[in-house]
Amino acid sequence: MEKNNGRFWFLIICAAAVCILSALLSFCLGSINFTPKQIFAALIQGETGACVNILKYARLPRTIACLAAGAALSVAGAILQNVLSNNLASPGVIGVNAGAGLGVTLCCASGILSGWAVSASAFAGSVIATMIITIFAGRTGASKTTVVLGGVALNSILNAFRESVTTLRPDSAFMSSEFRVGGFSSVSYVRLLPAAALIAISLILLFTLFNELDVVALGDETAHSVGLSVRRYRIIFLILSASLAGAAVSFAGMLSFVGLIVPHLSRRVVGNESRRLIPFSALLGAGFLTLCDLAARMIFSPYELPVGIIMAIIGGPAFAFILIRRKGGRRHG
Amino acid sequence: MVEIKNLKAGYGKTEILSGISLTAEFGEITTVIGANGCGKSTLLKAIVGLIPALSGSIRVEGVLVDNMSSIERAKKISYLPQGKNIPDISAGRMVLHGRFPYLSYPRKYRKVDFAVVENVMEQMGILHLADKPLSALSGGMRQKVYIAAALAQETDVIIMDEPTTYLDIGRQLSLSKTVKGLSEKGKTIIMVLHDILLALKISDKIAVMENGIISVCGTPREIMESGITEKIYGVSIKSIDDGCGTQYYYDI
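The structure displayed is predicted, hence computed values, not measured ones.

### Regarding the overall build of chain A
- When you go through chain A residue by residue, the secondary structure sums to 14 helices and 0 strands.
- Ordered by position in the sequence, the α and β elements of chain A form the string α-α-α-α-α-α-α-α-α-α-α-α-α-α.
- Its C-alpha radius of gyration of 20 Å places chain A within 12% of the 20 Å reference for a compact globule of 333 residues.
- Within chain A, one finds 25 positive and 12 negative side-chain charges whose respective centroids are separated by 6 Å.

### Some points on the nonpolar core
- Among the nonpolar cores identified, the biggest contains 129 residues, and Ile79(A), Phe184(A), Leu206(A), Phe237(A) and Phe251(A) are the most heavily contacted of them.
- Top element by residues in this core is helix α3 (residues 50–83) of chain A. It accounts for 13 residues.
- Residues in contact with Phe237(A), not counting those within four places in the same chain, are Ile79(A), Val83(A), Leu206(A), Leu209(A), Glu212(A), Leu213(A) and Val216(A).
- Counting residues in each nonpolar core, the second largest holds 29 residues, with Ile51(B), Met68(B), Val157(B) and Ile159(B) among its members.

### A few points about the side chain of Arg297(A)
Residues and elements named next belong to chain A.
- Its place among the elements puts Arg297 in helix α13 (residues 274–298).
- For Arg297, a relative accessible area of 10% translates into the label buried.
- Residues in contact with Arg297, not counting those within four places in the same chain, are Ser26, Leu29, Gly30, Arg59, Arg62, Tyr303 and Glu304.

### Section: the interface of chain A and chain B
- Tallying the contact residues gives 28 residues for chain A and 38 residues for chain B.
- Across the chain A/chain B interface, buried area totals approximately 2,800 Å², and carbon plus sulfur atoms make up 52% of it.
- The interface formed by chain A and chain B contains 3 salt bridges.
- Here Lys45(B) makes a salt bridge to Glu221(A), at a shortest N to O gap of 3.3 Å.
- Taken together, the links from chain A to chain B amount to 12 residue pairs in polar contact (both at pLDDT 80 or more).

### Side note on the state of the cysteines
- Summed over all chains, the structure comprises 0 disulfides over all chains.
- Left unpaired, Cys292(A) is separated from the closest cysteine sulfur, that of Cys66(A), by 9.3 Å.

### Considering the pattern of salt bridges
- Taken as a whole, this structure holds 17 salt bridges over all chains when the rule is applied.
- Of the charged contacts in the structure, one is a salt bridge between Glu154(B) and Arg99(B), with a shortest N-O distance of 3.0 Å. One end of the pair, Glu154(B), is in the loop between α5 (139–152) and β7 (157–161); the other, Arg99(B), is in the loop between α3 (91–96) and α4 (111–123), and 55 residues separate them in sequence.
- Where Lys238(B) meets Asp251(B), a salt bridge forms, and the shortest distance between an N and an O atom there is 3.4 Å. Separated by 13 residues along the polypeptide, Lys238(B) in strand β11 (residues 236–241) and Asp251(B) in strand β12 (residues 246–251) bring together distant segments of the chain.
- Note on Lys238(B): relative accessible area 40%, which makes it partly exposed.
- Each of Arg62(A), Asp293(A), Arg297(A) and Glu304(A) takes part in a single network of salt bridges with overlapping partners.

### Here's the deal with the side chain of Thr164(B)
- Note that Thr164(B) resides in the loop between β7 and α6 (169–184).
- Beyond its immediate stretch of four places on either side in the chain, Thr164(B) contacts Gln172(B), Leu175(B), Leu193(B) and Leu198(B).

### Describing the confidence of the model for chain B
- With 100% of its residues at a pLDDT of 70 or more, chain B has an overall mean of 89.
- Quick note on the complex model: pTM equals 0.85, ipTM equals 0.88.

### A look at the packing of aromatic side chains
- Under the counting rule described, the total for this entry stands at 4 aromatic pairs over all chains.
- Pairing Tyr233(A) with Phe237(A) gives two aromatic rings, centres 6.3 Å apart and planes at 40°, and the pair type is tilted. Placement of the pair is Tyr233(A) and Phe237(A) together in helix α11 (residues 230–252), with a separation of 4 residues, close to one helical turn.
- The ring of Tyr102(B) carries Arg99(B) above its face, with NZ or CZ at 4.3 Å from the centroid.

### What about helix α1 (residues 5–28) of chain A?
Residues and elements named next belong to chain A.
- For α1, which comprises 24 residues, the first-to-last C-alpha distance of 34 Å matches the rise-based estimate of 34 Å (1.5 Å per residue) to within 8%.
- Listed in full, the buried residues belonging to α1 are Phe8, Leu11, Ile12, Ala15, Cys19, Ser22, Ala23, Ser26, Phe27 and Cys28.
- Buried residues in α1 make contact with α2 (36–43), α3, α12 (258–270) and α13.

### Brief notes about the sheet that holds strand β10 (residues 213–218) of chain B
All names here are of chain B.
- Ordered by their spatial adjacency, 6 strands build an open sheet running β6-β7-β8-β3-β9-β10, and the pairing between neighbours is mixed. Each having just a single partner strand, β6 (77–80) and β10 make up the two edges of the open sheet. Strand-to-strand twist of the sheet, defined as the mean angle between neighbouring strand axes without regard to direction, takes the value 20°.
- Bridge count between strand β3 (residues 29–34) and strand β8 (residues 188–192): 4 bridges; the pairing is parallel. Each bridged residue has a counterpart across the sheet, and for Val32 the counterpart in β8 is Val192.
- Running over the sheet, α6 touches β3, β7 and β8 and is turned about 150° from β8.

### Looking at the environment of Leu168(A)
Residue and element names in this part refer to chain A.
- With respect to the helices, strands and loops of the structure, Leu168 is situated in helix α6 (residues 144–168).
- Judged by its relative accessible area of 71%, Leu168 falls in the exposed class.
- Between the C-alpha atoms of Leu168 and Ala109, which are 59 residues apart in sequence, the distance is 9.2 Å.

### Focus on the packing of α3(A) against α11(A)
All names here are of chain A.
- Running from N to C, α3 and α11 point in directions that differ by 150°, and their axes come no closer than 8 Å. As far as their axial angle goes, α11 and α3 are roughly antiparallel. The interaxial crossing formed by α3 with α11 has left-handed handedness. For the pair formed by α3 and α11, the contact residues are Ala65, Ala68, Ala69, Ala72, Leu73, Val75, Ala76, Ile79, Leu80 and Val83 on the first element and Arg234, Phe237, Leu238, Leu240, Ser241, Leu244, Ala245, Ala248, Phe251 and Ala252 on the second.
- When grouped by side-chain class, the residues that make up the contact of α3 with α11 number 18 nonpolar, 1 polar and 1 charged.

Criteria and thresholds
- For every chain, the first residue of the written sequence is number 1, and numbering continues from 1 onward in sequence order.
- Think of it this way: whatever chain is written first is A, whatever ligand is written first is 1, and the rest follow in order.
- Two thresholds apply to this predicted model, a pLDDT of at least 70 for residue-level local features and 80 or more for giving and counting side-chain atom pairs, whereas whole-chain, interface and lining totals are computed over all residues.
- By convention in this description, side-chain values take in all heavy atoms of the structure and omit both hydrogens and water.
- A run of H or I in DSSP becomes a helix once it reaches four residues, and a run of E becomes a strand once it reaches two; helices and strands are each numbered from the N terminus.
- Atoms considered for the radius of gyration are the C-alpha atoms alone. The globule rule reads 2.2 Å times the number of residues to the power 0.38.
- His residues and chain termini do not enter the charge count, which takes Lys and Arg as positive and Asp and Glu as negative.
- Here the site of a charge means atom NZ of a Lys, CZ of an Arg, CG of an Asp or CD of a Glu.
- In these notes, a set of buried Ala, Val, Leu, Ile, Met, Phe, Trp, Tyr and Cys residues joined through side-chain atoms within 4.5 Å is what counts as a nonpolar core.
- Burial here depends on accessible area, computed with a 1.4 Å probe over protein chains only, as a share of the maximum for the residue type. Under 20% is buried, over 50% is exposed, and the range in between is partly exposed.
- Residue contacts follow a heavy-atom distance rule, with two residues in contact if any of their heavy atoms lie within 4.5 Å.
- Buried area adds together the accessible area that both of two parts lose upon being put together, with accessible area traced by a 1.4 Å probe.
- One side-chain nitrogen of Lys or Arg within 4 Å of one carboxyl oxygen of Asp or Glu is enough to make a salt bridge.
- Polar contact is the term for a pair of N or O atoms within 3.5 Å; when the atoms are in protein, one must be able to donate a hydrogen and the other to accept it, and sequence-neighboring residues count only if both atoms are side-chain atoms.
- Cysteine sulfur atoms that come within 2.5 Å of each other are treated as a disulfide pair.
- A residue's pLDDT is the predictor's confidence in that residue, given on a scale from 0 to 100.
- For Phe, Tyr and Trp, where Trp contributes only its six-membered ring, two rings pair if their centres lie within 6.5 Å, and the inter-plane angle classes them as stacked under 30 degrees, edge-to-face over 60, or tilted in between.
- A ring has a charge above it when a Lys NZ or an Arg CZ is no more than 6 Å from the ring centre and no more than 35 degrees off the ring normal.
- Helix span, expected: 1.5 Å multiplied by one less than the number of residues in the helix.
- Here, strands pair whenever DSSP counts at least two bridges between them.
- In this analysis, axes come from line fits to C-alpha atoms, helices being fitted only over the stretch in contact, and the angle between any two N-to-C directions falls in the range 0 to 180 degrees.
- Orientation categories follow fixed angle ranges, with anything under 35 degrees roughly parallel, anything over 145 roughly antiparallel, 65 to 115 roughly perpendicular, and all other angles oblique.
- By definition, turning the near helix anticlockwise from the far helix through less than a right angle yields a left-handed crossing, and turning it clockwise yields a right-handed one.
- Residues are grouped as follows: Ala, Val, Leu, Ile, Met, Phe, Trp, Tyr, Cys and Pro are nonpolar; Asp, Glu, Lys and Arg are charged; all remaining types, including Gly, are polar.

Shown next, in the form of structure tokens:
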């Protein structure tokens, strides 16, 4: 048993290497390029100056934001897919991101702009959206298609509310277009740190619950048979995924693709077992989003595209390609 | 031993079981048969606590199931539902999840759990499939994996809902031998079967359900002689002793 451990660790090391490399590139490249030596001098040896400020207050928070949002949204997608037994579920598809977006917009419309308040309202919005979709799934017998269709409907409703608030209170649209597609150009420590703390706590908690997540995915009756309180753990996992997605949306905007495409890709590479899927999804998502953000900054430099646009341009065709290739040998359907 | 006394249960306000009394003895196979919709699966679900009892009692080894925590219950009763998800995990991992009730937070499988899993998979003749994805196995092999998971759970009572569904005749017979082997090792088996002849062949006791009650309960011979199958299914059953045991057949 457990023969594939060597392969898994090799893949994890590769994904970690991609993450580190993408973080380094994100530090080094931009409107001003830095060498690794300059970065070391600025961040570790405490040098001062304009360039150091760029590194400390623009590149560093931005890189942390990319890594944290990529990991959080990918893991939130992987959790939702397992808990709802539906590979089409992701925070962007079933309305969790839209809930967080509405929460943030309402928070801004009420004039509260502190980092903690924005994070908390995103979290509350995503939890409420998750609860609505869970109740809907329960009432409709949790048919796979119905849950996704319900999520799509919820997405539209929440986005319509958010647009209405933005129209009536234009001040609340402080990050309007970038927020809608997702981007990191306006990331600051004030907004990033509370959300990053929430993401870290959620990930640490989740890392102690891998077996529970796998047992929930066995189906209600089998999980009940081995003594797992299915309802309690389903709620715990939905809250964890909502906190991950909500925290990410609070500073990154409504990035949608990463939560769908990365868990799919990860499943194909390391399989469905959570102890492998979740860490690999986290690393792959973090690296992928950081690279996409780098591309968003570099392609039309000095102009910058929101990363959500780049992800849709790269991720959309890549996802379609994966689906077409999978057609012959579907196993995850 | 499982003792069910005057059990009433159902879904919401709809009562499906209207006063069931049944005793399943230690080391015996008790099979529940009956027409579609008579409440067989509901009875199994009530025994494992998936649906709450409206009244009456279910005791396992003298202890009321209602008074057990979910972990205590999982150490006493394992349940193989009829329509199972086919999770995309390896067969070995599926069996390992049978050890779940023995872990405390943070639940990490221990060496002893891996040893138990290896042992039961070897017993079931499926150790070579440990690394294979469950979804890539045949229906018969998958059923053996689920039974191995129930064995890894080390419960005295094993409850199976239609374990032979979707299996060809060869795999049905192989599975029935496995079930017989489990009862000989002292497990209390309660299962629902649609195949009446198979039920008569392998069971120690058969309970026939009609409209939420047990109308007849007895040994396979008593069931055959009662003529209840003619009443429920419209076919009578006869038997012949061929020297290797009693063989049952439909008298058409």
